[in-house]
Amino acid sequence: MLPAQAIDTCPRCSGSGWVPLPGDSLRVEPCGCHGDLRRRQRMAAAGIPKRYAHCTLGTFKEKSPLLKLVRNDIQKFVDLWPHTEKGKGLLLVGECGVGKTHLAAAVLIELITADKPGKMLFNNFQDLIQEIQASFDSDHTPGKAEILQPLLDADLLVIDELGSQKPTTWVQDILYYVINTRYNDEKTTIFTTNYFDTTDASKRESLADRIGTRLRSRLFEMAWRYEITGVGDYRRNTL
């Protein structure tokens, strides 16, 4: 998993969240940074990649009526949290560069900024698999169970790039364990993926091909699906 981002220390309270009362060094009061410090700690713990740490729904570029609709629905999801439908998250489907990861990261950032409750966690599935594989080669890294536990515990988990890893039996077993456990526990998950439910002329595999039919079936119950099509790769426009 990605390392936690560094947190700046408040010079007034040295990061404690408390400052002495004027004229009485034995008594303290909350520092003005207390709420902001807690938000920054939660942001760091969420593991949002640095590239997406600035993302909000307000900075999302609505390049089409469809993107505006998707953004508005996701704003409703944020506004309702934690009183959204039990265990119901989002499945954002689209080609590279349409803003799926921006939207997913923005949900976590908006919720943390608004001081809404819950453990938030961002995870790139391909990075997760590589981390687990690396743990097999070292006695000094966390084991598979320790690596996966935060994904099971999170109240809201983002799984970015679902299906990006080659669908070997071992990879599918890991994915099934994580998603099925969250399904059974009614934990909310946001998924992003480049794989659609139907194949195209290029013979690209479907989402079910990449994650298995059992998991694809569970995702119908676990997430509202948004298919983002007809939108160009915004990264190309930045060149």
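Just so it is clear, the model here is predicted, and its values are computed rather than measured. (Residues numbered from 1 in each chain as written. Predicted model: local features only at pLDDT ≥ 70, side-chain atom pairs only at ≥ 80, totals over all residues. Heavy atoms only, no water.)

Could you clarify how one ought to interpret the overall build of the protein in this entry?
Along the protein, the regular secondary structure elements total nine helices and seven strands. As presented, the protein carries roughly 12,900 Å² of accessible surface, and 51% of it is formed by carbon and sulfur atoms. (Helix = DSSP H or I, 4+ residues; strand = E, 2+ residues; numbered from the N terminus. Areas by Shrake-Rupley, 256 points an atom, 1.4 Å probe, with all protein chains shown as cover.)

In this structure, what is going on with the packing of helix H5 (residues 144-153) against helix H6 (residues 169-185)? I would like to understand it.
Angle between the axes and distance between the axes: these two values describe a pair of packed helices. Close contact between H5 and H6 brings their axes to 10 Å; oriented N to C, the two are set at 35°. When the axes of H5 and H6 are compared, the crossing they make is right-handed. Counted together, Lys144, Leu148, Leu151 and Leu152 of H5 and Ile174, Tyr177, Val178, Thr181 and Arg182 of H6 form the full contact between these two elements. (Axes fitted to C-alpha atoms, helices over the stretch in contact; angles between N-to-C directions. Left-handed = near helix turned anticlockwise from the far one by under 90°. Contact = heavy atoms within 4.5 Å.)

Could you clarify how one ought to interpret the side chain of Asn180 in this entry?
In this structure, Asn180 sits in helix H6. The class for Asn180 is buried, based on a relative accessible area of 13%. In this structure, Asn180 is in contact with Leu215 and Arg218, ignoring residues within four places of it in sequence. (Buried < 20%, exposed > 50% of the residue type's maximum accessible area, 1.4 Å probe, protein only.)

Sorry, what's going on with the sheet that holds strand E7 (residues 223-228) here?
Strand order across the open sheet formed by five strands is E4-E5-E6-E3-E7, with parallel pairing between neighbours. In this open sheet, the two edge strands, each paired with only one partner strand, are strand E4 (120-124) and E7. The mean inter-strand angle of the sheet, taken between neighbouring strand axes irrespective of direction, is 10°. Direction of pairing for E4 relative to strand E5 (residues 156-160): parallel, over a ladder of five bridges. Each residue of the ladder has a partner; that of Leu121, found in E5, is Leu157. Here helix H2 (residues 65-80) sits on the sheet and contacts strand E3 (89-94), E5, strand E6 (188-193) and E7; the angle it forms with E7, its principal contact strand, is near 160°. Helix H4 (residues 125-135) rests against E4 and E5 of the sheet, and its axis sits at about 80° to E4. (Pairing = 2+ DSSP bridges.)

Help me understand the packing of H4 against H5, please; the structure alone is not making it clear to me.
It is the contact of H4 with H5, at a shortest axis distance of 9 Å, that shows an interaxial angle of 155°. With respect to H5, the element H4 is oriented roughly antiparallel. Here H4 contributes Leu128, Glu131, Ile132 and Ser135 to the contact with H5, which in turn contributes Lys144, Ile147, Leu148 and Leu151. Considering only residue class, the contact of H4 with H5 consists of five nonpolar, one polar and two charged. (Parallel < 35°, antiparallel > 145°, perpendicular 65-115°, else oblique. Nonpolar A, V, L, I, M, F, W, Y, C, P; charged D, E, K, R; others polar.)

Help me understand helix H8 (residues 213-222), please; the structure alone is not making it clear to me.
One full turn of an α-helix is made of 3.6 residues, so residues set three or four places apart face in the same direction. Buried residues of H8: Leu215, Arg216, Leu219 and Met222, and no others. The buried side chains of H8 occupy one side of the element, clustering within an arc of 115° when seen end-on. Exposed and facing more than 90 degrees away from the buried side of H8 are Thr213, Arg214, Phe220 and Glu221. Packed against the buried residues of H8 are E3, H6, E6, helix H7 (207-211) and E7. (Arc of directions from axis to C-beta.)

For this particular structure, what's the right way to read unusual backbone geometry?
Among all residues except glycine, the phi angle is most often negative; among peptide bonds, the trans geometry is most common. That bond from Trp81 to Pro82 is cis: its omega, 5°, falls within 30 degrees of zero. With respect to the helices, strands and loops of the structure, Pro82 is situated in the loop between H2 and E3. For Asp115, which is not glycine, the phi torsion reads 60° and is therefore positive. Counting through the fold element by element, Asp115 comes out in the loop between helix H3 (100-113) and E4. Residue Asp115 is classed as partly exposed on the basis of its relative accessible area of 38%.

Would you mind showing me how to read the pattern of salt bridges here?
All chains considered together, the criterion is met by nine salt bridges. Across the salt bridge formed by Asp115 and Arg38, the nearest N and O atoms sit 3.9 Å from each other. A residue pair is termed long-range when its members are at least 10 positions apart, and Asp115 in the loop between H3 and E4 and Arg38 in helix H1 (residues 34-46) qualify at 77 residues. Take Arg38: its relative accessible area is 44%, and that puts it in the partly exposed class. Here Arg71 makes a salt bridge to Glu62, at a shortest N to O gap of 3.3 Å. On the basis of relative accessibility, which here comes to 15%, the residue Arg71 falls in the buried class. Given the relative accessible area of 36%, Glu62 is considered partly exposed. Within this structure, Asp197, Arg216, Arg225 and Glu227 form a network of salt bridges that share partners. (Salt bridge = Lys/Arg side-chain N within 4 Å of Asp/Glu carboxyl O.)

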